[in-house]
Amino acid sequence: MTITKDIRYIGVNDHQVDLFEGQYVVPNGMSYNSYAVMDEKVAIFDTVDRNFASQWLENINAVLDGRKPDYLIIQHMEPDHSANIAKFLDVYPDATVVSSAKAFTMMGNFFGPDVAPNRMVVGEGSTLCLGSHTLTFVTAPMVHWPEVIVTYDSLDKVLFSADGFGKFGALDVSEEWDDEARRYYIGIVGKYGPQVQALLKKAAGLEISTICPLHGPVLTENLGHYLNLYNLWSSYQPEEKGVVVAYTSVYGNTKAAALLLTQELKNSGCANVVVYDLARCDMAQAVADAFRYDKLVLATTTYNADIFPFMKEFIHHLTERNFQNRTVAFVENGTWAPTAAKVMAKMLECSKNLTFTETTVKVLSALSPDSKAQIAALAKELSSL
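Caption draft 1: Fine view of the layout of surface pockets. Here the largest pocket defines a volume of roughly 390 Å³. Lining the largest pocket are 18 residues, and of these T301, T302, G334, T335 and W336 lie nearest its centre. At the level of elements, α8 (253–267), β18 (293–303) and β20 (327–334) are the ones that each hand at least two residues to the lining of the largest pocket. Of the residues in the lining of the largest pocket, the class split is 6 nonpolar, 12 polar and no charged.

Structure representation (structure tokens):
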């Protein structure tokens, strides 16, 4: 793929992976992106997953057409991007590895202290001239590892954004960017909103025509759309008005309450209502939608004087990623000592700017006229917000 006259795509698609990072379902695979800048000197940006070393090296060889790379720029040391540093240097031993000081420490951990004898340490504002292209390095600590740098090419106005603006999905599959980018961002980067905000402020001072991430498609059009979403996600603001109803159920009674509430919400005019059975759904998708919409209903049973395990896991995912600025409602179920609402509220007490509904639904074993009336009241309250 030709990105600009001098910049080529040399990454790979992975349809072998079932769980990215051991937890995220990726039905459409993953891309591991790598780039070559062909100038008086040649720079290669990042490597790929270790399972695709041969294909990646073939891609490099094809692009170089007899030339040898002068630099290997490593922006991020996660193994899906750094696994083939040593193999690259076996083929191109004279190349200089360019990265941050923290990255070189990590390289030693991964590959031993003798890796990359030719090295260039770069930091905030460091530059590298390739000829016509001058690369400027920008530090991006904790987006989402501490060693990360991103790189700006002032000639073609390209931002090599490391894991920023990435998404799940291989490049040979067509799908909407927003959903899989949101699931990727919230799951993997979501904890580090302030650090992403800091990087966005740096990027605001650059004239950017193209974004080249380490996962997902190269972005060339409507960049304001992607930047706006990243600003919303990293500042923990909802994208849309809507309600996520997330439930767990043992014998079907809490499920019945959640589904009745869903119907009442739709009858009340709520256009966006999304329902998740947390024991069976893609947890990462449920978490992403909880960040997408402005209201969340948590419905679960009291279980061992606590809450059902899948609900506990779900709330943990939310709080770990700084869930905030939302309206939250509770539906609890119990036969002899319902305490689920109290437990869930306790788990969320450190989350910022949460508004809790006045109505909390209490189901005693199964739906009754009283609990149905509470559900109708909760639906009315939520639909008015």
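Resuming the write-up.
Caption draft 2: View of a nonpolar patch on the surface. The grouping of V250, Y251 and Y303 at the surface amounts to a nonpolar patch, some 360 Å² of accessible area in total. Tracing the backbone shows Y303 in strand β18. The exposure class of Y303 is partly exposed, given its relative accessible area of 35%.

Caption draft 3: Summary view of the pairing of strand β12 (residues 134–139). Sheet analysis places strand β11 (residues 127–129) next to β12, joined by 3 bridges and oriented antiparallel. Within β12, the position partnered with C129 by the bridge is T134. Between β11 and β12, which follow one another and run antiparallel, lie 4 residues, and G131 among them has a positive phi close to 135°. Both β12 and strand β13 (residues 149–153) contribute to a ladder of 5 bridges, which runs antiparallel. Across the sheet, the residue bridging to L135 is D153, located in β13.

Caption draft 4: Geometry of the packing of α8 against helix α12 (residues 369–383). Packing of α8 against α12 brings their axes to within 9 Å, and their N-to-C directions diverge by 45°. Taken as axis vectors, α8 and α12 run oblique relative to one another. Note that α8 runs across α12; the crossing there is right-handed. Touching A257, L260, L261, E264 and L265 of α8 are K372, I375, A376, L378, A379 and L382, all from α12. Grouping the amino acids of the contact of α8 with α12 by side-chain chemistry returns 9 nonpolar, no polar and 2 charged.

Caption draft 5: Seen up close, empty space enclosed by the protein. This model, assessed by the stated rule, comprises 1 cavity of 30 Å³ or more. Every residue lining the largest cavity is counted, 14 residues in all, and those nearest its centre are L159, G164, F165, L199 and L200. Broken down by secondary-structure element, the contributors of at least two residues to the lining of the largest cavity are α6 (193–203) and α7 (223–234). Residue contributions to the lining of the largest cavity peak at 4 residues, all from α6. Tallied by class, residues from the lining of the largest cavity come to 12 nonpolar, 2 polar and no charged.

Thresholds applied
Within every chain, residues take consecutive numbers counted from 1 along the sequence as written. Note on the predicted model: pLDDT of at least 70 is required for a residue's local features to be given, and 80 or more for side-chain atom pairs to be given and counted; whole-chain, interface and lining totals, by contrast, use all residues. Only hydrogens and water are set aside when side-chain values are computed; all heavy atoms of the structure are taken into account. In this analysis, the protein atoms alone were mapped onto a 1 Å grid. Cavities are point sets where a 1.4 Å probe fits without being able to get out; pockets are open sets with protein on both sides within 12 Å along at least five of seven lines; lining residues have an atom within 4 Å of a point. Grid points are joined across faces, edges and corners, and a volume is the space filled by probe spheres set on the points. Numbering of helices and strands runs from the N terminus, with a helix taken as a DSSP run of H or I at least four residues long and a strand as a DSSP run of E at least two residues long. Gly is put with the polar residues, along with every residue not named as nonpolar or charged; the nonpolar set is Ala, Val, Leu, Ile, Met, Phe, Trp, Tyr, Cys and Pro, and the charged set is Asp, Glu, Lys and Arg. Each patch is built from salt-bridge-free residues with over 30% relative accessible area, joining like charges within 9 Å and nonpolar side chains (Val, Leu, Ile, Met, Phe, Trp, Tyr) within 5 Å. Areas reported here follow the Shrake-Rupley algorithm with a probe of radius 1.4 Å; residue values treat only the protein chains shown as occluding. We define a salt bridge as a side-chain nitrogen of Lys or Arg found within 4 Å of a carboxyl oxygen belonging to Asp or Glu. For the exposure calls, accessible area comes from a 1.4 Å probe over protein chains only, and a residue counts as buried if that area is under 20% of its type's maximum, exposed if over 50%, partly exposed in between. Here a strand pair is declared whenever DSSP counts at least two bridges between the two strands. Here, axes are lines fitted to C-alpha atoms. For helices the fit covers the stretch in contact, and angles between N-to-C directions go from 0 to 180 degrees. Roughly parallel refers to an angle under 35 degrees, roughly antiparallel to one over 145, roughly perpendicular to one between 65 and 115, and oblique to any angle outside these ranges. Working rule for handedness: look at the near helix, and if it is turned counterclockwise from the far one by less than a right angle, call the crossing left-handed; if clockwise, right-handed. In this analysis, two residues are considered to be in contact whenever any of their non-hydrogen atoms come within 4.5 Å of each other.

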